[in-house]
Structure formats: C-alpha cells, structure tokens
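A look at the structure
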There are 4 protein chains.
Amino acid sequence: MSDQRIPVAVLGATGNVGQRFVQLLEDHPWFRVAELVASERSAGKTYREATDWRLGARMPESVAGLKVLDYHAELHSPVVFSGLPGEVAGEIEQRLAREGHAVLSNTSTHRMEPDVPLLIPEVNPGHVAAIEAQKANRGWKGYIATNPNCSTIHLVLALKPLQDAFGIEGVLVSTLQAVSGAGYPGVPSLDMIDNVVPYIGGEEEKMQSESQKLLGGYTAVGGFAPASFVLSAHCNRVPVRDGHTECVSIRLGGAPSPDDVIAAFEAFRGRPQELGLPSAPPQPVIVRREPNRPQPSFDRDDAKGMASIVGRVRECPLLGTKFVVLGHNTIRGAAGASILNAELFKVEDLLP
Amino acid sequence: MSDQRIPVAVLGATGNVGQRFVQLLEDHPWFRVAELVASERSAGKTYREATDWRLGARMPESVAGLKVLDYHAELHSPVVFSGLPGEVAGEIEQRLAREGHAVLSNTSTHRMEPDVPLLIPEVNPGHVAAIEAQKANRGWKGYIATNPNCSTIHLVLALKPLQDAFGIEGVLVSTLQAVSGAGYPGVPSLDMIDNVVPYIGGEEEKMQSESQKLLGGYTAVGGFAPASFVLSAHCNRVPVRDGHTECVSIRLGGAPSPDDVIAAFEAFRGRPQELGLPSAPPQPVIVRREPNRPQPSFDRDDAKGMASIVGRVRECPLLGTKFVVLGHNTIRGAAGASILNAELFKVEDLLP
Amino acid sequence: MSDQRIPVAVLGATGNVGQRFVQLLEDHPWFRVAELVASERSAGKTYREATDWRLGARMPESVAGLKVLDYHAELHSPVVFSGLPGEVAGEIEQRLAREGHAVLSNTSTHRMEPDVPLLIPEVNPGHVAAIEAQKANRGWKGYIATNPNCSTIHLVLALKPLQDAFGIEGVLVSTLQAVSGAGYPGVPSLDMIDNVVPYIGGEEEKMQSESQKLLGGYTAVGGFAPASFVLSAHCNRVPVRDGHTECVSIRLGGAPSPDDVIAAFEAFRGRPQELGLPSAPPQPVIVRREPNRPQPSFDRDDAKGMASIVGRVRECPLLGTKFVVLGHNTIRGAAGASILNAELFKVEDLLP
Amino acid sequence: MSDQRIPVAVLGATGNVGQRFVQLLEDHPWFRVAELVASERSAGKTYREATDWRLGARMPESVAGLKVLDYHAELHSPVVFSGLPGEVAGEIEQRLAREGHAVLSNTSTHRMEPDVPLLIPEVNPGHVAAIEAQKANRGWKGYIATNPNCSTIHLVLALKPLQDAFGIEGVLVSTLQAVSGAGYPGVPSLDMIDNVVPYIGGEEEKMQSESQKLLGGYTAVGGFAPASFVLSAHCNRVPVRDGHTECVSIRLGGAPSPDDVIAAFEAFRGRPQELGLPSAPPQPVIVRREPNRPQPSFDRDDAKGMASIVGRVRECPLLGTKFVVLGHNTIRGAAGASILNAELFKVEDLLP
C-alpha cells in the first residue's frame with residue numbers, strides 16, 4: 001500500500017536543526033521526509049554519507065539512502081521545513097514560497113517582517129491570517145511562516161497564560177542557554193569548560209521584539225500590533241548540551257499570588273491541545289513543585305521535549321512574581337515548533 | 001631575626017575556605033599563620049596529613065608541619081579567621097570572642113545580628129563602630145566581625161558606587177554561581193555535568209538581607225538601619241569551579257546613561273585604597289568594555305581575585321540600567337574578604 | 001485480568017542502580033516490581049516520597065505509590081534484584097537467599113566467592129551450574145547470582161568472541177569511566193570540572209579478577225577455573241554522566257588482522273540471542289567503522305544500552321590488536337545485566 | 001639604560017600557542033618580544049586589537065601596542081619562535097631559516113626531517129649537532145629546530161630516566177588530552193560536554209615516531225637512529241582545559257621494582273638543570289605518592305608548568321611497570337619547550 005503521507009522537504013538537512021527535523025518526522029502520521037537539501041559540500045551524496053549524525057547512535061534508515069539536493073534544486077514537496085543558516089536562508093526561502101511551497105522556517109531572517117506570521121499555535125493561532133496578506137502583497141503562490149527563537153518560545157509559552165489571566169506589565173528574564181542553540185561546531189569547548197559566557201549576539205534583542213509580536217494582535221487591516229509590555233533580557237551561554245533555563249521576574253496585573261499563577265499555568269490549553277495535533281504536548285506548560293526543579297538534564301525531555309517546564313513559582317519582592325522556565329531548545333525550541341505549525345496548517349487547510 | 005608579624009589562627013583550616021586562608025596568608029606582610037583548627041577527625045595530625053590540599057599542587061611548606069588543633073583548644077593568636085561550617089561556627093566563634101580574640105568570620109551565623117558588623121571595607125567601614133557596642137552588650141573581651149556571602153559581596157561592591165552617585169531604587173539579580181561556593185565534596189558531579197541547578201538553599205534571602213545591611217547606615221544609638229531599596233535574586237549553580245557571574249538590572253535615581261554608570265564604577269575608591277592596605281585591589285571595581293566579558297575562567301583572578309569585574313553596562317528597557325558583575329567567590333568572596341577586614345582593623349587599631 | 005507476571009523485589013531501590021531497575025522493569029513482559037526495599041531513612045514512605053528520581057522527569061506511576069520496606073522486611077517476591085551498597089549487601093543478600101529467594105546482585109560482595117556464579121549470559125551461561133553447588137554447600141533454599149562490575153562487563157563482552165576465535169594471551173585496558181558508576185552523590189563536581197581523576201579505588205583489581213573468572217571454566221567437581229591470560233587495567237574517572245569508554249590493546253593467538261577481529265565481533269551471538277530473551281540486544285557487540293566512534297554521548301543508548309559498542313579496531317604495534325569499547329554502565333553495566341540474568345534463569349527453570 | 005636582551009619574533013602570535021609564547025617571554029631574562037607575526041586578518045593592527053587574549057584577564061602591556069606583521073614581513077630578530085598552524089608553517093619557517101634566523105618551531109611540519117633536530121634539552125641535547133648538517137645540506141644561514149608534540153614530550157620526559165636506568169623494551173600509553181591542544185576554536189563544546197572523543201587525528205602516529213627519534217641517537221655520519229623499542233598509543237580527548245594525563249604501561253630491562261622506578265625518576269636531571277637555564281624546572285620529573293594524583297586541575301601548573309608529574313607507579317601484571325604522567329600541554333608541551341630550547345642554544349652559542 002502506498003504511503004499517503006504528505007511529502008516534505010528539509011532545508012539545511014545535515015545541520016543540527018535539520019537532523020532534529022529528520023528525527024522528529026520519522027514515523028510522523030501526516031508527513032514523510034521526501035527531499036533533503038543542503039549546501040554544495042553535501043549535495044549529490046546520500047544523506048548517510050553527507051551527515052555527521054549527532055542525535056544518538058544512528059540516523060533513521062528510511063532517509064539514509066536519500067540523495068541530498070543542493071540549494072538550487074527544484075523541490076516537489078508542498079511543505080518545506082527550513083533549518084538553514086541565517087546567511088543563506090533569505091533568498092532560498094523566498095524563492096520556494098514564490099514557487100508555491102509552504103515554507104516553515106526556523107531562521108530569524110523573516111520573523112519580524114510585517115506580513116510574515118511568527119507563530120506558536122498555543123499562543124497566537126490567529127496570526128495565520130497574515131498568510132493571506134503575505135501572498136497578496138508579494139504575489140506568491142506559497143508563503144513563509146516562522147517560529148520563534150529557541151529562548152523566546154519557552155518564555156512566551158509561560159507568559160501566555162499569565163497574559164490571559166492577569167495581564168503583563170513588565171518582564172525581566174535571565175537565560176542560561178544550552179550550546180546546541182549555536183549549532184555545530186558552534187561554541188568552542190575552551191569557552192565552556194569551567195566557564196560561562198554572559199553574551200549571545202543579538203539574542204536579547206530577539207527575545208524582546210519576538211515576544212511582543214507573539215503576544216500582540218493581528219488584524220487584516222492594521223497588521224501586527226505588538227504587545228505593549230516591556231521585556232528586558234540577559235542572555236548567557238552555559239555548559240549544557242540541550243535545554244534552556246530562564247529565570248523570570250514579572251509584573252502582572254492584579255497582584256496574583258503564586259498559587260493563582262500556578263493555577264493559570266496548569267489550566268492553560270491552546271489550539272493544538274483542542275485539535276489533538278500529533279506533536280502537541282498534553283499540557284503546554286508543566287509545573288514542578290520541588291524547590292530545585294526544573295533542571296535541563298532531567299526535565300528537557302518531558303512531554304517529548306514539546307512542553308515548557310515551570311518551577312519555583314514564588315513572590316518577587318521587586319516585580320511581584322518570579323519563576324523558572326525550562327524547555328528543549330532544538331525540539332520545542334526549533335524543529336518541533338515548525339512541525340507543530342505545519343500540523344496546525346494542515347488542519348486549518350492552509351497547506352498547498 | 002624573629003618574625004614580628006601578628007600570629008593568626010584559622011578555624012576550619014582543612015576545608016575549602018580554610019585552605020584559601022592559608023594560601024592567601026602565606027607571605028602576608030602583617031599576619032602569619034600560627035594555629036590551625038579543625039574537627040576531631042583532623043586534630044592531632046600535621047596539617048599536611050590532615051588536609052587534602054586542593055589549591056594547586058602543594059600546600060605552603062611553612063604550615064605543612066603545624067599540628068592541627070581541635071575545636072576546644074585554647075588559642076594564643078589574637079586574630080582568628082573562621083571558615084567553619086555553619087553548624088558548628090556559632091558556639092566556637094562566640095567562645096573565642098568572649099575570651100578576647102578578634103574573630104573574623106566567613107560563616108553566615110552571626111552576620112545579621114544587631115551588634116555584629118557585616119563589613120566590606122570599601123563599602124561600609126563606618127560599621128566597625130558596632131564592635132564597641134557588641135563588646136559592651138555581651139561583656140566580651142574580644143568580638144566577632146563578619147564578611148558577606150560570596151555572591152552578595154561582589155554585587156554590593158558594584159552597587160556601592162551607584163548608590164553614592166545616583167541612589168538605588170530597586171535591584172534584580174540572577175546569579176550563575178561556581179561550585180566551590182558549596183565547599184568540598186559539595187555539589188555532586190551528577191548535578192553539574194550537562195546541567196544547571198536553578199536553586200541554592202537560603203542564598204536568595206541572604207543576598208537580599210545582607211545587601212540592605214551593608215548599604216544601610218549604623219549609629220551608636222540606633223544601630224543598623226537597612227537600606228530601603230528592594231532587591232530580588234534568582235540564584236543558580238553552574239558547572240564552574242570558581243567565580244560567580246551575576247546579571248544585574250537596576251533602577252537608579254536620575255536616569256544615568258551607561259557612560260555615567262561606567263564613570264561611577266571607575267571613579268570608585270574606598271578606605272582600603274586610601275590606606276593602601278596590603279590586600280586591597282587598586283580599583284575595587286574594574287570595568288570591561290568587550291561585549292562578552294567578564295567571564296569566570298578569564299577574569300576571576302584579575303587583581304589577584306580581590307576586585308569585582310563589571311561588564312556589559314547598557315540600558316535596561318525595564319529598570320533603566322543593566323550590567324554583569326563577576327568576582328572570585330573564595331578569594332574576595334570569602335577568605336580574602338576576612339583578611340581585608342583584619343587589615344582595616346589593624347590600621348584602625350581594633351585588634352586585641 | 002490479573003497480572004500474571006512474576007513479582008520481584010528491588011533492594012536499594014532509591015539509589016542510582018535501584019532507580020535503573022525500576023525504570024527497566026516498567027512494562028517488562030515477565031517481571032513486575034512488587035516490593036521496594038531501602039534503608040531506614042526511606043522505609044515507611046511511598047517510593048515517590050522517598051526517592052529523588054534522577055532518570056528523566058518522573059518515575060513510573062505504577063511504583064510511585066508503593067510503600068518502601070526496610071532491610072529487615074520479609075519479602076514475598078521469589079526474585080530479588082539487589083543494588084545495595086557494598087557495606088550492607090552481604091548479610092541482607094545472604095538472608096534472603098537462605099530464605100529461598102533468587103537474589104540477583106550487582107554488588108561486588110559475593111562476586112568472587114567459589115560457589116557464586118558471576119554471570120554474563122552471552123559469555124558464560126554454563127556457570128549457572130554453580131547454583132546447585134551453592135545451595136548444597138550452604139544449605140540454602142534460594143541462591144545468590146551476581147553480575148560483573150560496570151567496566152568489566154563491557155570489556156568481557158568484547159573479549160569473549162576474541163577468546164573463542166583466536167585465544168587471548170594478554171590484555172591491557174585503560175578506562176575513561178562515567179560518574180554515575182560511583183552513585184549519587186558520588187564524585188564531587190570539584191573533581192570533575194576541568195579535571196580527570198586517574199584512580200578508582202579497587203576497580204583495577206576487580207577488572208582483573210572478574211575477567212578471569214568470567215572467561216574461565218566451571219565444573220561441578222573442580223569449581224571455577226580462572227582464564228589464564230594476564231589483564232592489566234588503568235582506571236580513570238572522567239566528566240561523563242553515563243557510558244564507560246575503554247581503550248584495549250590485546251595479544252591474540254594466530255595474529256589475526258583487524259578485519260578478522262571485526263568479523264569475530266560481528267558474528268558473535270550468545271544464549272540470550274538464541275533464546276530471544278526480552279532484554280537481549282540483537283547483537284551483543286556492535287562495531288562502528290568511523291574513525292572517531294564510539295563516543296559516550298552518542299552511542300551509550302544504542303541497542304537500549306544493552307550492547308557493547310566497539311570501534312577503532314586496528315593493529316597495535318606492541319600487542320597486535322587494539323580497539324575501543326564503550327557501554328552503558330548503569331544499564332548493561334548494572335541493572336540491565338541482572339535482569340538479563342533473571343531472564344536466563346526463568347528460561348532455564350532456575351527461578352524459585 | 002637600554003634593554004640588552006635578545007629580540008625575538010613570535011610567529012602565529014595571536015593563536016593559542018602564540019599567546020603562550022608572549023606570556024612566558026614577559027620578563028624573560030635573556031629574550032624580549034620584538035616582533036609579532038600573524039595572518040593577513042591581523043596584520044597592521046596592534047597586538048591588542050588583533051588578539052582575543054585568552055590567558056587570564058589581560059595581555060602584557062609591553063606588547064599590547066606592537067604592530068602585528070604579516071607572514072611576508074622581513075624580520076629583524078635573530079630568534080624566531082613559531083606557533084604557526086601546520087598548513088602555513090612549512091614555507092615561512094624555511095624562508096626565515098634560509099635568511100639566517102634561528103627558527104624554533106612547535107609545528108609538526110619539520111619534526112621528522114632527517115637533518116632537523118627534534119629536541120628536549122633534558123633528553124637529547126646532543127641532537128643539536130644536526131644543526132650544522134642542516135645548514136650545510138641546505139645552504140642556509142640559519143636553521144630550524146623543533147620541539148615535540150604536546151603529548152609526546154611529557155611521555156618522553158618520563159621515559160628518559162627509565163631508558164637510562166633500565167632500558168625500554170616496549171611502551172603502551174593511553175592519553176586523556178586537554179582541549180587547548182587543539183587550539184581555538186578547536187574542539188566544539190558539543191563534543192566535550194558529557195562526552196569524550198577516543199580519537200585525535202595523527203596523534204598516535206606522532207607519539208610513536210617522535211618518541212623513537214627523541215630517545216634515539218645522532219651521529220654526524222649516520223644521522224638520526226631511532227630508538228628500537230615499540231610504542232603503541234591510544235589518544236583520547238577529554239573535557240579538560242589544560243594538562244594531558246597519560247596512562248603508561250612499560251616493559252623495562254631487569255625487572256625493576258616500583259621503588260627502583262621512582263628512584264630513577266627522582267634522581268633524573270638533565271642539561272638544563274646542570275646549566276641552570278632560566279626556564280628549567282628544578283626537577284624534570286616530579287613524583288607524587290598519593291593514590292589519586294597527578295590530576296590536571298591541581299598539578300598542571302606545578303614547577304610553572306615546565307615539569308612532568310608522575311604518579312601511581314606500580315607493577316603492571318602484563319608489562320612489568322605502570323604509572324601515570326601528566327604535564328601542561330601548552331607550557332612544557334609547546335611554547336615553554338621552544339623557549340627552553342632557545343636557552344640551551346644561547347648557552348651552547350648556537351644563536352645567530
């Protein structure tokens with residue numbers, strides 16, 4: 001019996017995020033990896049030959065024999081997942097969208113454009129409406145939709161229930177980010193043995209602007225209206241493989257107690273949970289009550305890496321409420337986010 | 001020619017902080033280690049036999065042959081440095097102070113008591129006046145003086161010039177703390193390989209209360225009057241041997257620019273610099289201008305571990321100003337702080 | 001429908017190895033965890049309350065509510081898995097064996113006794129015959145059977161096919177061992193950040209004596225006859241959570257080429273593979289051909305942690321052949337080894 | 001008064017080894033850094049601008065303002081220290097030697113050439129005689145002299161006293177090597193967090209061939225005659241910043257006891273010690289008697305990083321003797337080795 005699943009392409013397939021796409025799409029009920037795209041260096045080789053597989057002992061057999069295509073190849077898959085490096089993403093993603101593909105991108109290039117949705121299905125599913133405007137504006141047959149930066153997404157998943165329940169007035173976040181967020185080879189080991197680096201280029205700015213777009217509104221007439229709260233970020237790199245930990249202090253409306261805040265986290269469900277999307281975590285935000293959790297080594301894989309794990313909810317003497325949020329940065333923080341977007345698009349009948 | 005230096009005792013001499021005392025006091029111009037005190041397990045052995053020396057390849061020869069005394073031993077040194085564990089410190093330190101010793105303690109036990117000075121010579125040298133009150137209140141011949149927690153001291157060294165120049169309204173700090181702060185064996189390696197722990201018991205409370213005492217006033221009549229700003233801390237343990245990194249957002253009076261803030265840091269000098277104390281760093285606060293500094297592996301030993309290193313001074317969209325401060329947690333954060341206190345006491349003629 | 005699986009007890013259930021037993025036995029087709037035993041400190045609490053679960057985000061629900069029993073409790077499970085600390089194991093395991101339980105122990109205490117089998121089902125399944133002798137000698141209703149040290153077992157799994165194919169004359173092994181082998185809290189982080197420790201107490205001796213017993217013979221009359229080759233080990237602790245890496249140089253009979261050696265590894269199958277035991281890896285020894293594999297982070301979970309992964313098979317100018325072997329130290333190196341033994345015993349009708 | 005010290009140039013001055021040269025040469029009694037050479041990218045900038053200084057908080061002030069020269073610059077210093085990357089070293093070093101400079105190189109390029117000395121002053125000072133032959137053969141005014149690979153040098157410093165006292169028949173060594181040996185950026189952190197890599201390209205071959213050249217003879221007529229013992233190496237990369245740890249098993253002549261071996265290590269002195277060269281360690285080989293030493297974090301800086309630290313000397317059941325040797329890989333293992341060579345050349349009147 002033939003495979004009825006929708007064929008998808010993965011751009012940047014040999015890289016860190018590309019490998020995660022391939023891993024997460026193995027045995028996906030709706031999609032199958034049909035095309036793998038990478039740079040000249042890899043093109044023409046089989047995926048097995050081209051790839052230094054770094055997610056466990058071995059790559060899925062089903063893709064190992066696929067020939068890797070180059071950036072200029074004509075693609076036949078209606079859905080294209082992109083884990084391209086920022087330097088090359090712009091043009092390639094645009095060409096594919098113009099030609100009629102649904103391009104679901106991890107790259108920051110297009111995230112803040114005024115007709116490109118930056119999407120977390122639990123948070124702002126209504127922003128998919130921007131796709132129509134984008135196609136019209138640009139005269140494209142397909143479109144680009146993006147998911148947020150790996151540190152933004154877990155913060156915003158935790159902020160959304162608080163915004164809904166109390167309103168957000170200001171946020172201060174300090175991150176302890178894993179090295180896989182910088183790709184491979186990425187961060188040198190001489191920077192990460194007995195050390196932390198209190199700086200990640202561009203990251204603090206992204207957390208600010210992306211959070212406001214995600215938690216803001218969208219109307220066909222007015223376009224995106226960023227949320228009005230102020231957010232300030234300190235971003236740090238720490239010697240952890242996977243899993244970003246974020247310390248959040250927040251000023252909420254109505255001075256809720258920690259118990260109120262916990263209740264809001266635990267009650268939170270979004271469209272993916274309503275629709276029962278295959279990659280949706282049962283609860284988008286999981287609350288830990290131990291004094292010393294969440295921790296990346298133990299909690300990043302909870303809910304298959306698709307949830308945000310909150311802990312240490314308590315009073316902040318300065319801003320009212322503080323807590324820690326942790327999430328897997330290459331699953332829900334990257335490839336898994338794009339896949340969940342694609343699942344939403346399928347149900348909403350937005351795929352080509 | 002006989003050694004004219006003041007004999008000192010080190011309590012808890014075999015532990016992490018005790019070893020640091022021994023190391024820093026080698027070749028000290030004013031003090032010499034004459035007595036070493038540790039628990040039953042070590043007492044009676046030579047220091048070499050009793051100690052698993054962990055600061056480089058070998059301990060100073062000058063102390064290796066000293067016999068370790070037990071907690072009940074009568075001490076002959078007028079100055080006693082204490083790196084005792086909190087559980088046992090209280091009683092022993094009190095007994096020694098009662099008997100006439102100047103006890104300079106790293107332990108948290110007595111820090112917040114209403115007649116015990118919690119001292120950073122650059123920050124609140126006037127608090128030494130509490131010693132008189134303490135002796136009078138308690139009928140002691142000697143006294144206890146304390147230095148702050150290892151994460152508090154570097155924060156407060158950075159806050160002091162800002163308090164003086166602008167006034168402080170509120171502070172939010174997230175720490176990335178080294179494991180040596182927890183002693184040895186301390187933090188298990190299974191908690192620190194590919195992991196961070198977003199919790200250190202009691203640390204957040206200490207940072208809050210100690211900062212307010214340090215930056216507050218003292219009068220003979222009214223005692224200590226804590227500073228009125230609000231401080232909120234998130235404390236994290238990270239896989240770093242030495243050097244606490246702290247991300248600070250702060251609301252200052254008069255909305256100073258980052259350049260104003262940098263100027264205040266760089267202009268700052270305190271009593272130890274005026275007096276030319278032997279362990280005083282030339283500048284208490286050193287400012288780095290690179291985008292990605294300070295970092296513990298590179299900067300913790302600057303100014304022999306006695307300064308606080310500030311970097312990334314920039315605007316905070318929420319609180320006005322943000323920066324990073326880093327400092328060595330067992331030098332200026334522990335043993336070096338007590339020694340600098342003792343140097344101040346000597347010049348101020350407060351030693352027995 | 002009632003659960004027909006054999007009830008088992010886990011001794012030392014709250015520790016590192018105990019948790020691994022509980023994890024691996026969840027959904028086991030033949031065994032179900034019925035009794036959990038730990039020290040006084042935990043006894044009387046539920047397993048959830050007593051345990052700082054350290055294998056992922058949460059413990060299996062099926063055991064969380066079980067009451068933890070103390071060391072003196074009467075057990076009702078015919079099969080008892082022991083992950084007890086060496087200090088207490090001896091007496092408790094003996095009592096339970098005397099009373100009629102099959103005690104499958106990870107502890108080193110009884111491994112080298114002349115009537116206790118030290119067993120790897122792929123290597124020396126015939127040694128189960130010692131059980132009869134043991135019961136007779138000791139007048140016990142039950143018995144003790146042991147599995148090897150976590151570094152020994154992966155070495156011996158790799159040696160067995162070489163012994164069979166070529167004969168072994170001498171072995172030199174240097175290990176790079178993970179910290180989970182020392183339990184929790186185990187190795188202090190101050191020993192493992194920017195450091196290695198070239199010493200593990202007793203480990204080198206165990207590798208030597210256990211390997212010779214495992215690869216030696218057993219007869220009802222003569223008992224155990226250790227293999228005659230000489231083995232020398234250098235044991236090192238490195239900053240890795242799980243997965244022991246071992247560099248092996250070996251003198252084999254008949255001067256086989258690396259290709260001959262690889263062929264022997266790949267052809268190797270043992271009793272568990274013949275019998276299709278539920279925890280048996282399809283291949284006990286997996287060969288990697290990349291120049292830089294196996295590596296613990298990527299390969300330790302291959303074959304669910306139950307295989308030994310070999311790589312870099314090449315000529316040794318001194319001893320003839322060299323290679324690297326890696327394996328998971330708390331799965332095949334501890335709990336998984338005991339479970340595979342129990343599976344063999346069930347099929348061989350040796351369970352009470 | 002003018003600086004009478006010999007001006008020296010450093011090639012590859014901005015790299016890891018180049019920085020170490022600059023650091024070690026600050027305040028050197030005989031040499032002063034006069035010229036700094038690096039690639040196009042750095043040339044024309046000051047050393048401060050061109051260099052991401054990674055050895056502590058800040059570079060020596062004395063060199064910070066020097067203009068960095070490019071690879072083609074004419075140099076005026078008679079002595080040239082080279083820390084060039086292998087790809088570019090060959091041609092540049094040859095040109096400078098031809099022009100009359102004494103080129104002391106860390107690079108592997110010329111090490112094994114039949115008229116280039118590979119030198120450890122304690123081990124084979126007589127090999128300097130090859131310099132005459134080299135100049136004659138090649139018609140050069142200057143010459144190239146090399147120092148060994150960072151893992152070879154510490155092994156050979158430990159082997160030399162054993163060769164002299166007992167004779168060496170065979171050596172098996174497994175290394176645990178620090179990441180600084182691979183330069184910066186070098187080893188990616190994703191390879192070194194919770195991981196080890198049992199492979200370093202070309203390293204095992206270098207240890208074999210270099211050891212034999214170093215411990216072999218040289219005669220004007222016959223050239224180099226490699227030592228005849230067999231050496232086999234397993235090379236591993238581990239998450240350590242500095243300091244290579246090596247586990248050695250060795251077959252010696254006459255079956256010496258561990259005490260005999262220790263006595264040979266401790267009695268060992270070489271030409272640098274006789275001559276009192278400024279960078280010479282008082283003892284080339286230091287023996288530790290604790291069961292768990294040496295360890296990189298504690299022992300690499302002993303004797304200012306210029307000695308090899310031996311420990312765990314004991315019987316090897318297979319080869320007779322085993323021990324651990326540790327040394328600093330960028331001090332005695334690289335820049336410090338070249339500088340000691342230059343000091344020997346000065347005393348031997350071999351500098352231009």
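Residues numbered from 1 in each chain as written. Chains lettered and ligands numbered in written order. Predicted model: local features only at pLDDT ≥ 70, side-chain atom pairs only at ≥ 80, totals over all residues.

Below, the discussion takes up the overall build of chain A. Within chain A one finds 11 helices and 14 strands. Taking 2.2 N^0.38 as the reference for a compact globule, 352 residues should give roughly 20 Å; the C-alpha atoms of chain A span a radius of gyration of 20 Å, in line with that estimate. Seen through its C-alpha atoms, chain A measures out along the principal axes to roughly 60 × 50 × 40 Å. Counting over 352 residues, chain A shows a buried share of 60%. For chain A, contacts bridging at least 24 residues in sequence account for 74% of all contacts bridging at least 6. (Helix = DSSP H or I, 4+ residues; strand = E, 2+ residues; numbered from the N terminus. Rg over C-alpha atoms; globule rule 2.2 N^0.38 Å. Buried ≥ 20, exposed ≤ 12 C-beta atoms within 10 Å, placed from the backbone. Contact = placed C-beta atoms within 7 Å.)

Further remarks concern the relation of the copies chain B and chain A. Think of it as a corkscrew move, a rotation about one axis and a shift along it, taking one chain copy to the other. Rotating chain B by 180° and translating it 0.0 Å along the rotation axis places it on chain A, where the RMSD comes to 0.0 Å. Given the turn and translation reported, the copies of this chain are related as if by a two-fold rotation axis. (Least-squares fit on C-alpha atoms with pLDDT ≥ 70 in both.)

So, on to the domain arrangement of chain A. Residue and element names in this part refer to chain A. If you check the domain split of chain A, you get domain 1 (6-149 + 335-347) and domain 2 (150-328). Among the secondary structure elements, those contributing two or more residues to the side of domain 1 that touches domain 2 are helix H5 (130-138) and helix H11 (331-347). In terms of residues, the side of domain 1 that touches domain 2 owes the most to one element, H11, which gives 7 residues. Looking at the side of domain 1 that touches domain 2, its residues break down into 18 nonpolar, 10 polar and 4 charged. (Domains from an automatic or database assignment. Nonpolar A, V, L, I, M, F, W, Y, C, P; charged D, E, K, R; others polar.)

What follows concerns helix H1 (residues 16-25) of chain B. Residues and elements named next belong to chain B. Of all the 10 residues making up H1, 9 are buried; the element is thus mostly covered by neighbouring parts of the structure. The secondary structure elements touched by the buried residues of H1 are strand S1 (6-11), strand S2 (31-37), helix H3 (61-64), strand S4 (79-82) and helix H11 (331-347). The positive-phi residue at the C-terminal boundary of H1 is Asp27, with phi of around 65°.

What follows deals with the sheet that holds strand S11 (residues 244-252) of chain A. All names here are of chain A. A sheet is described by the order of its strands in space; here 6 strands give the open sequence S10-S7-S11-S14-S13-S12, paired in mixed fashion. Single-partner strands in this sheet number two, and they are strand S10 (230-237) and strand S12 (285-287). Taking each pair of neighbouring strands and ignoring which way they run, the sheet shows an average axis angle of 25°. By the bridge criterion, 8 bridges tie strand S7 (residues 168-177) to S11 in an arrangement that is antiparallel. Bridging from a neighbouring strand, Val171 pairs with Ile250 of S11. On the sheet, helix H7 (residues 203-214) packs against S7 and S10 and is oriented at approximately 145° with respect to S10. Most of the contacts of helix H8 (residues 258-267) go to strand S13 (residues 308-316), to which it runs at about 160°, and overall it touches S12, S13 and strand S14 (320-327). (Pairing = 2+ DSSP bridges. Axes fitted to C-alpha atoms, helices over the stretch in contact; angles between N-to-C directions.)

Once that is clear, we can look at the pairing of strand S1 (residues 6-11) of chain A. Residues and elements named next belong to chain A. In the sheet, S1 pairs with strand S2 (residues 31-37) via 6 bridges, with the strands oriented parallel. Its bridge partner lying in S2, Val8 is registered against Val33. The handedness of the S1 to S2 crossover, carried by helix H1 (residues 16-25), is right-handed. The sheet contact formed by S1 and strand S4 (residues 79-82) spans 4 bridges and is parallel. Across the sheet, residue Ala9 finds its bridge partner in S4, namely Val80. (Right-handed = clockwise from strand over helix to strand, strands pointing away.)

Time to look at the interface of chain B and chain A. In this complex, chain B contributes 33 residues to the contact, which on the side of chain A involves 33 residues. Of all the secondary structure elements, the ones that give two or more residues to the side of chain B that touches chain A are strand S7 (168-177), strand S10 (230-237), strand S11 (244-252), helix H10 (296-299), strand S13 (308-316) and strand S14 (320-327) of chain B. Here the side of chain B that touches chain A is built from residues that sort into 17 nonpolar, 12 polar and 4 charged.

Rotating chain B by 180° and moving it 0.0 Å along the rotation axis overlays it on chain D with an RMSD of 0.0 Å. Of the residues that chain B buries at the interface, 100% are likewise interface residues in chain D, meaning the two copies contact each other through the same surface.

In this complex, chain B contributes 9 residues to the contact, which on the side of chain D involves 9 residues. Tallied by class, the residues present in the side of chain B that touches chain D amount to 3 nonpolar, 1 polar and 5 charged.

This part is about the sheet that holds strand S3 (residues 68-69) of chain B. Residues and elements named next belong to chain B. The parallel open sheet is built from 6 strands, whose spatial order is S3-S2-S1-S4-S5-S6. Each of the sheet's edge strands pairs with one partner strand only, and the pair in question is S3 and strand S6 (143-146). Strands in contact with helix H4 (residues 86-99) are S1, S4, strand S5 (102-105) and S6; relative to S5, the strand with the most contacts, it is inclined by about 150°.

Residue and element names in this part refer to chain A. Tracing the sequence through the fold places Gly15 in the loop between S1 and H1. Along the chain, Gly15 and Gly183 lie 168 residues apart, while their C-alpha atoms are 7.3 Å from each other. If sequence neighbours within four positions are ignored, Gly15 has contacts with Gly83 and Gly183.

As a further point, take the packing of H1 of chain B against H11 of chain B. All names here are of chain B. The N-to-C vectors of H1 and H11 enclose an angle of 55°; their axes lie 9 Å apart at closest approach. By the angle between their axes, H1 is oblique relative to H11. H1 and H11 meet at a crossing whose hand is right-handed. From H1, Val17, Arg20, Phe21, Leu24 and Leu25 reach across to H11, where they touch Ile331, Ala334, Ala335, Gly336 and Ile339. Counted by class, the contact of H1 with H11 contains 8 nonpolar, 1 polar and 1 charged residues. (Parallel < 35°, antiparallel > 145°, perpendicular 65-115°, else oblique. Left-handed = near helix turned anticlockwise from the far one by under 90°.)

As a further point, take the confidence of the model for chain A. Here chain A averages 97 in pLDDT, and 100% of its residues register 70 or above. Scoring of the predicted complex yields 0.97 for pTM and 0.96 for ipTM. (pLDDT = per-residue confidence, 0-100.)

Our next topic: unusual backbone geometry. Following Tyr184 of chain A, the chain continues to Pro185 of chain A via a peptide bond in cis, the omega torsion being 5°. Following the sequence through the fold, Pro185 of chain A ends up in the loop between S7 and H7. With phi around 65°, Asp27 of chain A is a residue other than glycine that occupies positive phi space. Within the secondary structure layout, Asp27 of chain A lies in the loop between H1 and S2. Positioned with a positive phi, Lys304 of chain C is a non-glycine residue whose angle comes to about 55°. Relative to the helices and strands, Lys304 of chain C is located in the loop between helix H10 (296-299) and strand S13 (308-316).

This part covers the packing of helix H6 (residues 150-165) of chain C against helix H8 (residues 258-267) of chain C. All names here are of chain C. For the pair H6 and H8, the least separation of the axes is 9 Å and the interaxial angle reads 115°. With respect to each other, H6 and H8 are oriented roughly perpendicular. Classified by chirality, the crossing of H8 by H6 is right-handed. Listed contacts from H8 to Pro161, Leu162 and Ala165 of H6 are Val261, Ala264 and Phe265. Looking at side-chain class alone, the contact of H6 with H8 contains 6 nonpolar, no polar and no charged residues.

What follows concerns the environment of Thr219 of chain D. Structurally, Thr219 of chain D is set in strand S8 (residues 217-219). Spatially, the C-alpha atom of Thr219 of chain D lies 8.0 Å from that of Ala129 of chain D, the residues being 90 residues apart in sequence.

Residue and element names in this part refer to chain D. Inspection of the secondary structure assignment puts Gly90 in helix H4 (residues 86-99). Classification of Gly90 by C-beta neighbours within 10 Å gives partly exposed; the count is 15. Through-space distance from the C-alpha of Gly90 to that of Thr107 is 8.6 Å; in sequence the pair is 17 residues apart.

What follows deals with H11 of chain A. Residues and elements named next belong to chain A. Along H11, the sharpest change in direction is near 45° and occurs at Ala337. Here H11 lies mainly inside the structure; 15 of its 17 residues are buried. Trailing H11 by a residue or two, Asp349 shows a phi angle of about 65°, which is positive. (Bend = angle between axes of the 7 residues up to and from the residue.)

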